[in-house]
Amino acid sequence: YGGMGLDFSYNIAVAEELGNIRCGGVILAIGVQAGMATPALTRFGSHELKKQFLVPTIAGDFVACLGISEPGAGSDVANIKTTAVRKGDEYVINGGKMWITSGSQADWMCLLANTSEGPPHRNKSLICLPMNLPGIHIAKKIDKLGMRSSDTAQIFFEDVRVPCKNLIGEEGKGFTYQMLQFQEERLWGVATALIPMETIIQETIEYTRQRKVFGQPVLHNQTVHFRLAELATEVELLRSLLHRAVALYLEGNDVTKFASMAKLKAGRLIREVTDSCLQFWGGMGFTSEVLVSRFYRDFRLMSIGGGTDEIMLSIICKYMDILPRK
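Residues numbered from 1 in each chain as written. Predicted model: local features only at pLDDT ≥ 70, side-chain atom pairs only at ≥ 80, totals over all residues. Heavy atoms only, no water.

## Some points on the environment of Gly3
Stated formally: Going along the chain from the N terminus, every DSSP run of H or I of four or more residues is numbered as a helix, and every run of E of two or more is numbered as a strand. Only protein chains enter the area calculation, which uses a 1.4 Å probe; residues under 20% of their type maximum are buried, those over 50% are exposed, and those in between are partly exposed.
Considering the arrangement of structural elements, one finds Gly3 in the segment before α1 (8-18). A residue is classified by how much of its surface remains accessible, and Gly3, at 51% relative accessible area, is exposed. In this structure the C-alpha to C-alpha distance between Gly3 and Arg300, which are 297 residues apart in sequence, comes to 32 Å.

This is how it looks when you write it as C-alpha cells:
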C-alpha cells in the first residue's frame, strides 16, 4: 500500500527525530497521520478500504484525522455518544466530535461510533468517514493555549450517510481496535518528547552560562547546575523505559503497563523540565521570543492528550492488581 513494511521500532526512531522540529504542532500533525488515524485501518481494514483511504494517506495526498473524543468523553472512550445506525447498506451517523487534530482540513476520519445498544465495550465500531459528505459540519477551529499551529476542530454529524463497506474490521470491535492503537500512540508521544527536553536543557545551560547575576553566571549557582543535571538524568531514564517497552512490544508482549508508565512519566517530566528551565531564563523565559516558553505551552498537552495522567495511573494500578480489570 505504499509503506516501507518496517517494524514499529522504526516508527519510534522517526518519532524521536521529529523532536528536532521546534514546533509541537507539526510533530502532532505527523503523528496523527502516521500513528493514530491509520493503524486500525492497516491492521483490520479490507483491501478495498486500504486502496481507497490508506494508499493516498501514506502517499501524502490525503490528510487523515481520528474521531474519538467528544465534549463528554475524552479519556473515557467507552462513554462516547455518537451513533452510526445501520439502514440498508448504509450507516446513518449522528453526534459530534471534539478536539480533532487536523479536523478542519482532513479528507477522511477514522470514526469511532456506537453501532448497537450493547455493552459499552462491545457496541462500538470504527468507520472510514469521508469528510466531504453532506451533514458534516466543522463548527470551529479551536483556539488553544499551546500547539497553536495545529488544526484542532469541533465537528458535528447530522444524518451523515456512509456505506457499510466503510466499516473497519468487525462491527462491535471498535473499542478493542482503539485500545490496541492507543499503546502505539502513547509510545510515539513519549518518543517525540525526548529531544525537545534535551534541547531545552541544553539551551538553558547556554543561556545561564552567558547571563550574569550578582557578578557571576547563573549557571555557576549549584542549585541551577545540579537541577539541570537531575533533569538530564530523568530524560535518560525515560528513554530507557521507552526502549524497553518497544523491545517487548516487538517480541509480541502486552506492553500496556509500560506504555502507560512511560506516557505518565513523559507528561510529568516535560512539564518539570520546561517549568524549571523557564524559571532559570527569568523574565526572558516569559516572552514569546524563546523556545522554552513555546515548549512550556505546547507540551503541556502531553499529560492530557491520548489519555490523561489520571487514566495512566488507573491502568497501571489495574496491571499491578491494585484495582480490578474490567
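## Observations concerning the UniProt feature "domain: Acyl-CoA oxidase/dehydrogenase middle" (unreviewed entry) in the protein
The condition that has to hold: UniProt positions are given in the numbering used here, feature names are shortened, and annotations may be inferred rather than shown by experiment.
Feature annotation in UniProt assigns "domain: Acyl-CoA oxidase/dehydrogenase middle" (unreviewed entry) to the following positions: residues 65-160. As annotated, residues 65-160 comprises 0% helix and 51% strand, and the C-alpha atoms at either end are separated by 17 Å.

## Some points on the packing of aromatic side chains
Rules: Here is the rule: rings of Phe, Tyr and Trp (six-membered ring for Trp) pair when centre to centre is within 6.5 Å. Planes less than 30 degrees apart are stacked, more than 60 are edge-to-face, and the remainder are tilted. When the NZ atom of lysine or the CZ atom of arginine is within 6 Å of a ring's centre and also within 35 degrees of its normal, the charge is said to sit over that ring.
Enumeration over the complete set of coordinates arrives at five aromatic pairs. Measuring from ring centre to ring centre gives 5.3 Å for Phe8 and Tyr249, while their planes differ by 75 degrees; the resulting arrangement is edge-to-face. With a gap of 241 residues between them, Phe8 in helix α1 and Tyr249 in helix α6 (residues 222-250) connect regions that are remote in the sequence. Taking 4.1 Å as the distance between ring centres and 5 degrees as the angle between the ring planes, the aromatic pair formed by Tyr207 and Trp281 counts as stacked. Taken together, the residues span a long stretch of sequence, with Tyr207 in helix α5 (residues 174-210) and Trp281 in helix α7 (residues 256-281) at a distance of 74 residues. Neither residue differs from the other here; Tyr207 and Trp281 are each classed as buried. Looking at Arg186, its charged tip hangs above the ring of Phe182, at a distance of 4.7 Å from the centre.

## A word on α1
What counts here: Think of it as the arc spanned by the lines of direction from the helix axis to the C-beta atoms. Here, two residues are considered to be in contact whenever any of their heavy atoms come within 4.5 Å of each other.
Where α1 is concerned, the buried positions are Phe8, Ile12, Ala15, Glu16 and Leu18. What you see down the axis of α1 is that its buried residues fit within an arc of 160 degrees, all on one side. Buried positions along α1 lie against α2 (24-35), α5 and α6.

## Focus: the UniProt feature "domain: Acyl-CoA dehydrogenase/oxidase C-terminal" (unreviewed entry) in the protein
Within the UniProt annotation, "domain: Acyl-CoA dehydrogenase/oxidase C-terminal" (unreviewed entry) is assigned to residues 172-318. Secondary structure across residues 172-318 divides into 75% helix and 3% strand, with the first and last C-alpha atoms of the span separated by 24 Å.

## Regarding the pairing of strand β4 (residues 108-114)
The criterion, for reference: Two strands form a pair only when DSSP identifies at least two bridges running between them.
Burial runs high along β4: seven of the seven residues are buried. Along β4, one buried face is formed by Trp108, Cys110, Leu112 and Asn114 and the opposite face, lined by Met109, Leu111 and Ala113, is buried too. Note that strand β1 (residues 64-67) and β4 share four bridges and pair parallel. For Gly67, the partnering residue across the bridge sits in β4 and is Leu111. As paired strands, β4 and strand β5 (residues 124-130) are joined by seven bridges and run antiparallel to one another.

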